[in-house]
Amino acid sequence: MKPRRLAVVCRRYWPATGEQVQAIEWLAEGLRRAGHEVTILTAALGKQWPTHVVHREVKVERLAQLHLKPWNTLTYLWSLLSHLRTHKNQFDAVIVSGLRYDAYAVVRALRGTSLPVFLWREGAGIGGDIERHQNSNFGSRVVGGCFDGQAL
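Residues numbered from 1 in each chain as written. Predicted model: local features only at pLDDT ≥ 70, side-chain atom pairs only at ≥ 80, totals over all residues. Heavy atoms only, no water.

**Focus: the overall build of the protein chain**
Part 1 of the reasoning: When its secondary structure is counted, the protein chain shows five helices and six strands.
Part 2 of the reasoning: Its helices and strands taken in sequence order, the protein chain reads β-α-β-β-β-α-β-α-β-α-α from the N to the C terminus.
Part 3 of the reasoning: Counting over 152 residues, the protein chain shows a buried share of 45%.
Part 4 of the reasoning: In the protein chain, 58% of the contacts between residues at least 6 apart in sequence involve partners at least 24 apart.
Part 5 of the reasoning: Put simply, the protein chain shows about 8,700 Å² of open surface, and 53% of that area lies on carbon and sulfur atoms. (Helix = DSSP H or I, 4+ residues; strand = E, 2+ residues; numbered from the N terminus. Buried < 20%, exposed > 50% of the residue type's maximum accessible area, 1.4 Å probe, protein only. Contact = heavy atoms within 4.5 Å. Areas by Shrake-Rupley, 256 points an atom, 1.4 Å probe, with all protein chains shown as cover.)

**Focus: the sheet that holds strand 6 (residues 117-120)**
Part 1 of the reasoning: Across the sheet, six strands lie side by side as 3-4-2-1-5-6; this open sheet has mixed pairing. Looking along the sheet, the strands with just one partner apiece sit at the ends: strand 3 (52-55) and strand 6. Mean inter-strand twist for the sheet, computed between neighbouring axes without regard to direction, equals 25°.
Part 2 of the reasoning: Note that strand 5 (residues 93-97) and strand 6 share four bridges and pair parallel. If you follow valine 94 over to strand 6, its bridge partner there is valine 117.
Part 3 of the reasoning: Strands in contact with helix 2 (residues 71-87) are strand 1 (5-9), strand 2 (37-43), strand 4 (58-63) and strand 5; relative to strand 2, the strand with the most contacts, it is inclined by about 155°. (Pairing = 2+ DSSP bridges. Axes fitted to C-alpha atoms, helices over the stretch in contact; angles between N-to-C directions.)

**A short note on helix 3 (residues 101-110)**
Part 1 of the reasoning: Across the ten residues of helix 3, eight count as buried, placing the element largely inside the fold.
Part 2 of the reasoning: For helix 3, the set of buried residues is Asp102, Ala103, Tyr104, Ala105, Val106, Val107, Ala109 and Leu110.
Part 3 of the reasoning: A positive phi of about 90° marks glycine 112, the residue just after helix 3.

**Digging into unusual backbone geometry**
Part 1 of the reasoning: Even without being a glycine, arginine 56 presents a positive backbone phi close to 55°.
Part 2 of the reasoning: In this fold, arginine 56 is placed in the loop between strand 3 and strand 4.
Part 3 of the reasoning: Using a relative accessible area of 54% as the deciding quantity, one classes arginine 56 as exposed.
Part 4 of the reasoning: A positive phi is found at glutamate 57, a non-glycine position, where the angle reads about 65°.

**Digging into empty space enclosed by the protein**
Part 1 of the reasoning: Per the stated rule, a full pass over the model turns up one cavity of 30 Å³ or more.
Part 2 of the reasoning: Space inside the largest cavity adds up to approximately 30 Å³.
Part 3 of the reasoning: Every residue lining the largest cavity is listed: Tyr13, Glu25, Ala28, Glu29, His55, Arg56 and Val58.
Part 4 of the reasoning: For the lining of the largest cavity, the leading source of residues is helix 1 (residues 19-33), giving three residues.
Part 5 of the reasoning: Looking at side-chain class alone, the lining of the largest cavity contains three nonpolar, one polar and three charged residues. (1 Å grid on protein atoms, 1.4 Å probe; cavity = no way out; pocket = protein on both sides within 12 Å on 5 of 7 lines; lining within 4 Å. Points joined across faces, edges and corners; volume = space filled by probe spheres on them. Nonpolar A, V, L, I, M, F, W, Y, C, P; charged D, E, K, R; others polar.)

Honestly, it's all geometry; don't read function into it.
Next comes the structure, spelled out in structure tokens:
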């Protein structure tokens, strides 16, 4: 199989901790071992965190966000979409962790381009990705838009 240049989008990543972070680390490590070039695109959760690092031989790019609710999500999404549009020729595919606002935004932003988007559902059932949108603003739109990705 030909090595691919993959962008993996996740809101939280190292040095943050948790099940999602660990799952992304395992995914990135597996893809890297298979010969692919992996770049993690994530939010800059800490104001002092460096924007470009290498963690376990995987490039990590932390994208700007304001640290004021509700603007943090909007500025993160703006930074993510701007980065993907500007650097889309540097990737062969985009993998997005979770069926949340960033997944919806990435699918919409890259629709009509040759860059495939693969969505990785993090949670199922109670408290999972789909259920959490049942009572959220624009929840049905987010879930419906996620199904426009190339694979789930």
